[in-house]
Amino acid sequence: MATRRISYEFDSVPEAGGLREVAPGVKWLRMPLPFALDHINLWLLADGPGWAAVDSGLNGDPAIGVWRALFAGPIKARPLTRLLVTHMHPDHSGLAGWLCAELGIGLWMPRDEYLMCRVLAADRPPAPQTGIDFYRAAGFSERALEKYAERFGMFGRFVSPPPSSYRRLRDGERIGIGSRDWEVVIGRGHSPEHACLFCAELNVVISGDQILPTISSNVSLWPTEPDADPLDEWLNSCKNLKDRLPSDVLVLPAHGKPFRGVHVRLDQLIAEHEEGLAKLLDYCVEPKSATEVFPALFKTAIDGAKLMMATGESLAHLQYLLKRGALTAEVGDDGVRRYQRTQ
């Protein structure tokens, strides 16, 4: 029967470092994060004599402390057998290198995610000129450009050295974990090759950041691939996930609480971006830079801490419209690219 609304499976969440069973052989581990988004959900899947972990948490003492407490207590008798990482962002992959080295287990991860993680983890200052030019064209002030240069290479601070080898996760393959099969469903846009894991027997999908219950994942254009079209990839992935997942599947997201109503949520995510695109077109009757269109896309003021991701999101929307001929773009004498609605 189709689920026509979003409903939460649990009224409360586990305490940080605590485990809760959400389905037979599936445990929910809530890990702390030192950000405004203060947690990430990790998942343990029964895997014969132990547990397969999905995602690792952020590199740092708090998450390492949680894992050590688990090794000494709740999962002492059934240690981790392998680590599956949905995508390369540090809250998901940050402790992959440490866990694999500490326990002697293998890393399973999509190829694009693994390779991009290793590339970004190896970045070191100074910031490349291409990156500075990219953000100048987006409308960054000189102070904002200085901040970008100061923070360049920060990815590596949140990620332990990644393992030198891995086992690739491929779209559509079925992986045996314990007595059950889990199908890999790849999504794109938020990251290059994000893996969701669907178990038809349990009617459960581990969605990572690809499907979240209350917030939309960041979809950004980055200077590493300035001609990409991530919003197109995101919208197509939402439609693909809607085709491949049952409407009543239990969604286990990386942030927030497990819920049902995945088709409703995917429709909401698509509609949210389509609304943003329409507002953006109206806003660009006069030429605007990426940083000048924030009011069309965001309800709150964009401060320094949010500037990078907000700019990437604005550029992803502008790029989508530019590639479809709805906008034109021209770089001024000041190096800033401004977009205008096609007349």
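Preceding this paragraph is the structure being described.
These lines cover the structure that appears in this document, whether it is placed above or below. Chains are numbered independently. Their residues run from 1 in the order of the written sequence. The model is predicted, so local features are restricted to residues of pLDDT at least 70 and side-chain atom pairs to those at 80 or more, both for listing and for counting; the totals for chains, interfaces and linings are taken over all residues. Water and hydrogen atoms play no part in the side-chain values, which are based on all heavy atoms of the structure.

To qualify as a helix, a DSSP run of H or I must reach at least 4 residues; to qualify as a strand, a run of E must reach at least 2; elements of each kind are numbered from the N terminus. The secondary structure content of the protein amounts to 10 helices and 16 strands. When its C-alpha atoms are laid out on the principal axes, the protein stretches across 65 × 50 × 35 Å. Residue exposure (1.4 Å probe, protein chains only): buried if accessible area is under 20% of the type maximum, exposed if over 50%, otherwise partly exposed. For the protein, buried positions account for 52% of its 343 residues. Partitioning the contacts of the protein with sequence separation of at least 6, the portion at a separation of at least 24 is 65%. Using a 1.4 Å probe, accessible areas were evaluated by the Shrake-Rupley method; residue-level cover was limited to the displayed protein chains. By element, 52% of the accessible surface of the protein is carried by carbon and sulfur atoms, the whole surface being about 15300 Å². For the charge count, each Lys or Arg is scored as positive and each Asp or Glu as negative, with His and the chain ends excluded. Note that the charge is assigned to NZ on lysines, CZ on arginines, CG on aspartates and CD on glutamates. Taking the 38 positively charged and 43 negatively charged side chains of the protein as two groups, their mean positions are separated by 4 Å. Whether two residues are in contact is decided by their heavy atoms: any pair within 4.5 Å suffices.

The subject of this paragraph is the environment of Leu44. The residue Leu44 is located in strand 4 (residues 39–47) in this model. Placed 111 residues apart in sequence, Leu44 and Phe155 show a C-alpha to C-alpha distance of 26 Å. Beyond its immediate sequence surroundings of up to four residues, Leu44 is in contact with Leu19, Gly25, Val26, Lys27, Trp51, Ala52, Ala53, Trp67, Ile75 and Leu80.

A separate point is the environment of Ser289. With respect to the helices, strands and loops of the structure, Ser289 is situated in the loop between helix 8 (262–283) and helix 9 (294–297). C-alpha of Ser289 to C-alpha of Phe140: the two residues are 149 residues apart in sequence and 9.5 Å apart in space. If we skip the residues at most four places from it in the chain, Ser289 touches Ala138, Gly139, Val336, Arg337 and Arg338.

Turning our eyes to something else, we now look at the packing of aromatic side chains. Side-chain rings of Phe, Tyr and Trp, where Trp is taken by its six-membered ring, are said to pair if the distance between their centres is within 6.5 Å; with planes under 30 degrees apart they count as stacked, over 60 as edge-to-face, and otherwise as tilted. All told, the structure shown has 11 aromatic pairs when counted by the stated rule. Each ring, one from Tyr135 and one from Phe140, has its centre 4.8 Å from the other, and the planes form 25°; the classification is stacked. For the pair Tyr135 and Tyr148, a centre-to-centre distance of 4.9 Å together with 55° between the ring planes defines the contact as tilted. A residue pair is termed long-range when its members are at least 10 positions apart, and Tyr135 in helix 5 (residues 129–138) and Tyr148 in helix 6 (residues 142–151) qualify at 13 residues. Overall, the relative accessible area of 8% leaves Tyr148 in the buried class. Site record: aromatic cluster; members linked through ring pairs are Phe134, Tyr135, Phe140, Tyr148 and Phe152. Look at NZ for Lys and CZ for Arg. If either is within 6 Å of the ring centre and within 35 degrees of the ring normal, a charge sits over the ring. In this arrangement the basic side chain of Lys257 is found over the ring face of Tyr8, its NZ or CZ atom lying 5.1 Å from the centre. The ring of Tyr320 is capped by Arg324, whose NZ or CZ atom sits 3.8 Å from the centre of that ring.

Another point: the side chain of Glu193. Its location among the elements puts Glu193 in the loop between strand 10 (180–187) and strand 11 (194–199). Polar contacts, as used here, are pairs of N or O atoms within 3.5 Å; protein pairs need one atom able to donate a hydrogen and one able to accept it. Residues neighboring in sequence count only if both atoms are side-chain atoms. Looking at Glu193, its side chain comes within polar contact range of the main-chain nitrogen of Arg111, at 3.4 Å. Here Asp112 takes part through its backbone nitrogen, which lies 2.9 Å from a polar atom of the side chain of Glu193. Not counting residues up to four positions away in its chain, the partners in contact with Glu193 are Thr86, Pro110, Arg111, Asp112, Glu113, Arg168, Leu169, Ile186, Gly187 and Arg188.

As far as function goes, none of this settles anything; it's purely spatial.
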